[in-house]
Amino acid sequence: MLLLRGPQTCGQLRARTERLFSFRDLDHVKEIAEELVERTALPLVQALPPAPGGREGRYAHTLGGKIEA
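In what follows, the accompanying structure is described. Please read these numbers as outputs of a predicted model, since none were measured by experiment.

## Side note on the overall build of the protein chain
Step number 1: When helices and strands are counted, the protein chain shows three helices and two strands.
Step number 2: Taken against the 2.2 N^0.38 rule, which gives 11 Å for 69 residues, the C-alpha radius of gyration of the protein chain at 12 Å falls within 12% of a compact globule.
Step number 3: Here the C-alpha coordinates of the protein chain stretch approximately 30 × 30 × 20 Å along the principal axes.
Step number 4: Sequence separation of at least 24 residues holds for 26% of the intrachain contacts in the protein chain that already meet a minimum separation of 6.
Step number 5: Within the structure as shown, the protein chain displays about 5,100 Å² of accessible surface, and the carbon and sulfur contribution to it stands at 53%.
Step number 6: When the 10 positive and 9 negative side-chain charges of the protein chain are each reduced to one mean point, those points stand 7 Å apart.

What follows is the structure, encoded as structure tokens:
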């Protein structure tokens, strides 16, 4: 979903992936995203600060390289 729609919050990821995978709650989404961020060999996801005017941080894929916030 990150490849298709770009950086997203946990709530956006949960809502947009509902047909693909059923997350228990937002904490479960964050847990999975953090696991992908913390991969030592090749992190697949990068945590980003909240968008201007936003409250939540976002996650983005790193397959095209690291994103400058």
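## Remarks on the side chain of glutamine 46
Step number 1: Looking at the element boundaries, glutamine 46 is found in strand S1 (residues 45-48).
Step number 2: Not counting residues within four places of it along the chain, the set of residues in contact with glutamine 46 comprises Val37, Arg58, Tyr59, Ala60, Thr62, Lys66 and Ile67.

## Notes on the nonpolar core
Step number 1: The biggest cluster of nonpolar side chains holds eight residues, and these are Leu2, Cys10, Leu13, Phe23, Val29, Ala33, Val45 and Tyr59.
Step number 2: Sorting the residues of this core by element identifies helix H2 (10-16) and helix H3 (26-37) as the ones contributing at least two each.
Step number 3: Excluding residues that lie within four positions of it along the chain, valine 29 makes contacts with Cys10, Leu13, Arg14 and Phe23.

## Observations concerning H3
Step number 1: Between its terminal C-alpha atoms H3 stretches 16 Å, which fits the 16 Å expected from twelve residues at 1.5 Å a residue.
Step number 2: Taken together, the buried positions of H3 are His28, Val29 and Ala33. Seen end-on, H3 carries its buried residues on one side only, within an arc spanning 130°.
Step number 3: The inward-facing, buried residues of H3 contact H2, S1 and strand S2 (58-61).

## Things to note about the side chain of glutamine 8
Step number 1: Counting through the fold element by element, glutamine 8 comes out in the loop between helix H1 (2-5) and H2.
Step number 2: For glutamine 8, a relative accessible area of 0% puts it in the buried group.
Step number 3: Of the polar contacts made by the side chain of glutamine 8, one reaches the backbone oxygen of glycine 6; its length is 3.4 Å.
Step number 4: Ignoring sequence-local partners within four residues, the contact set of glutamine 8 consists of Met1, Leu2, Leu13, Arg16, Arg58 and Tyr59.

Thresholds applied
Residues numbered from 1 in each chain as written. Predicted model: local features only at pLDDT ≥ 70, side-chain atom pairs only at ≥ 80, totals over all residues. Heavy atoms only, no water. Helix = DSSP H or I, 4+ residues; strand = E, 2+ residues; numbered from the N terminus. Rg over C-alpha atoms; globule rule 2.2 N^0.38 Å. Contact = heavy atoms within 4.5 Å. Areas by Shrake-Rupley, 256 points an atom, 1.4 Å probe, with all protein chains shown as cover. Lys, Arg positive; Asp, Glu negative; His and termini not counted. Charge placed at Lys NZ, Arg CZ, Asp CG, Glu CD. Core = buried A, V, L, I, M, F, W, Y, C linked by side-chain atoms within 4.5 Å. Buried < 20%, exposed > 50% of the residue type's maximum accessible area, 1.4 Å probe, protein only. Expected span 1.5 Å × (residues − 1). Arc of directions from axis to C-beta. Polar contact = N/O pair within 3.5 Å; in protein donor to acceptor, adjacent residues only side chain to side chain.

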